[in-house]
Amino acid sequence: MLEGPKVSQSELAKRFGVSQPQICRIIKNKERILSEWHRSGDPERKRKREGKDAALEAALLRWVEGARATDLPVSGPLLQLKAKHLAEGLGRPNPEPSGGWLARFEARHNLTVEKPPAEKGDAEQPTAERWASSVLPALLRSYAPSEIYACGETGVLLPAGCPGKGESAGDRLTLLLCANADGSEKAPLRAVGENPQPRCLRGVNLEQMPWSYRAGSAAGVTAPLFTEWLREFNEGMRRQGKSVLLLLAKREAHPYLQLPNVRMVFVPPAATLAQPLDRGVTSDLKGHYRRRLLRWQPAERGTGQPTLLDVLHMLAQAWGDVRPGLIAGCFRAAGFSPEAIAEVPATGPLGREQLERRAPTDKELERNGEPAEADGDGEEAGELAAAQPCPSEREVWASLATLRRYLECRATSPDLFQAFYELEDAMHLVSAS
């Protein structure tokens, strides 16, 4: 109409029931209005509504346009995670965007959030029986047992009076577990609790621990936390030069990501398709954890209840106690492993016989019935070493606590803790004998 026969602004105002200054402003801003109208992609839109945080929306919209330019699928959880990161970068006081805010953002900019194949409607998904009989076997044939992983979550209660836990009663940790079908690799334990900054973790070199800790809402795994773990898991597979299959349950906190080294496959919910880790792996882990909790002796250690840091170490030890053979058997029982998987020899904490073979014998410590002499030069060579009194168990536990604290602050690799855990298990065996 503006480009047709010339019509006065007064006549246009009467025709559309608006004021003449409004018509004047529209003509003045014609190019900008048309540009925004075309960009919105919604021909029925009559009013432009601005969001409360224009800078955040502009940054998020640029990211969406860039993602689509590179054929990256943009899902709802991924959009929410990116909005949170951008809000943190802009220094917003409440960086967690709500679902309502994202819905209004999508409506304002006419965005259609894509759904990954695993999130499509039930009509497009095979039934659980058909998936187990045809889809799953085809997936398993494409990967070696060491390249088939399953992940799951389980919860453990913290001991009563445990320093470092949250304020609410019945505090617990949620554990994120992941292992492969032949039991040859277990991903480092990821624990999620309520306390964002436990005092007992101050000064600990968290990057070199055999476990990791994150704070989550109600001590549960959220979509951003799971996305962070997925990217770390993918990076670990990339460093190993592996492309793996990851089987997991479909949950709201499990967003789908297209990763170069990890192929995510959601297992259809059905009673006949129990997750491999639920077939006995998590219960075995909890059994080892309870055994270590019961073995905690405050009187001998000179401490009170175990702290959150102590619990995390006990959980890492319990995860290490789970035998590869048990994991492989659980994968087979769940039908998530090729029939060709062979039983993997059990490897775990040293048994009593192995410890006795490693421990020095009395004959090695004595020479001709006398205490061993200290090496020396000159006159000191002939002197007997001063006999040291046998330390008490409390002194030994204090020494082990000092050594563990040193490793927590100065360790250069999580593997160092495996040797320390074996030493601690040896002390338990000696103390019980």
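Residues numbered from 1 in each chain as written. Predicted model: local features only at pLDDT ≥ 70, side-chain atom pairs only at ≥ 80, totals over all residues. Heavy atoms only, no water.

Help me understand the nonpolar core, please; the structure alone is not making it clear to me.
Most often, soluble globular proteins keep nonpolar side chains buried together rather than apart. Among the nonpolar cores identified, the biggest contains 54 residues, and Leu173, Leu175 and Trp211 are the most heavily contacted of them. Examining the composition of this core, we find that 9 residues originate from one element, helix α11 (residues 308–321), more than from any other. Not counting chain neighbours up to four residues away, the residues in contact with Leu175 comprise Gly152, Glu153, Thr154, Val156, Leu189, Arg190, Ala191, Leu285 and Leu315. (Core = buried A, V, L, I, M, F, W, Y, C linked by side-chain atoms within 4.5 Å. Buried < 20%, exposed > 50% of the residue type's maximum accessible area, 1.4 Å probe, protein only. Helix = DSSP H or I, 4+ residues; strand = E, 2+ residues; numbered from the N terminus. Contact = heavy atoms within 4.5 Å.)

Is there a simple way to explain the packing of helix α15 (residues 393–410) against helix α16 (residues 416–432) in this structure?
Packed helix pairs are specified by the crossing angle of their axes together with the interaxial distance, meaning the distance between the axes. One can describe the packing of α15 onto α16 by two numbers: an axis separation of 11 Å at closest approach and a directional angle of 170 degrees. Classified by the angle between their axes, α15 and α16 sit roughly antiparallel to one another. Of the residues in α16, those touching α15 at Glu393, Val396, Trp397, Leu400, Leu403, Arg404, Leu407 and Glu408 are Leu416, Phe417, Phe420, Leu423, Glu424, Met427, His428 and Ser431. A per-class count over the contact of α15 with α16 returns 10 nonpolar, 2 polar and 4 charged. (Axes fitted to C-alpha atoms, helices over the stretch in contact; angles between N-to-C directions. Parallel < 35°, antiparallel > 145°, perpendicular 65-115°, else oblique. Nonpolar A, V, L, I, M, F, W, Y, C, P; charged D, E, K, R; others polar.)

Where do I start with the pattern of salt bridges in this structure?
Pairs can form between side chains of opposite charge once their charged atoms are near each other. By the definition in use, this model includes 12 salt bridges. Across the pair Asp321 and Arg291 runs a salt bridge, and its minimum N-O distance is 3.2 Å. Residue Asp321 is found in helix α11, and its partner Arg291 is found in helix α9 (residues 281–294); the two are separated by 30 residues along the sequence. Asp321 sits in the buried class, given a relative accessible area of 7%. Each member of the salt-bridge network shares a partner with another, and the members are Arg291, Arg292, Arg295, Asp321 and Asp425. (Salt bridge = Lys/Arg side-chain N within 4 Å of Asp/Glu carboxyl O.)

Looking at this model, I keep getting lost on the pairing of strand β6 (residues 262–267). Mind explaining?
As a general feature of sheets, a regular strand has side chains that alternate between the two faces. Judged by how many residues are buried, β6 sits mostly within the fold: 5 of 6 residues are covered. Two strands pair when backbone bridges link them, and strand β5 (residues 244–249) and β6 are joined in this way by 6 bridges, in the parallel orientation. Along β6, the bridge assignment pairs Leu245 with Arg263. (Pairing = 2+ DSSP bridges.)

Could you clarify how one ought to interpret the side chain of Arg190 in this entry?
Note on placement: Arg190 falls in strand β3 (residues 189–193). Of the residues examined, Arg190 reaches a relative accessible area of 5% and is grouped as buried. Engagement of the side chain of Arg190 in a polar contact is seen with the side chain of Ser212, the distance being 2.4 Å. Residues contacting Arg190, with those up to four places away along its chain left out, are Thr174, Leu175, Leu176, Ser212, Arg214, Leu225, Glu228, Trp229 and Glu232. (Polar contact = N/O pair within 3.5 Å; in protein donor to acceptor, adjacent residues only side chain to side chain.)

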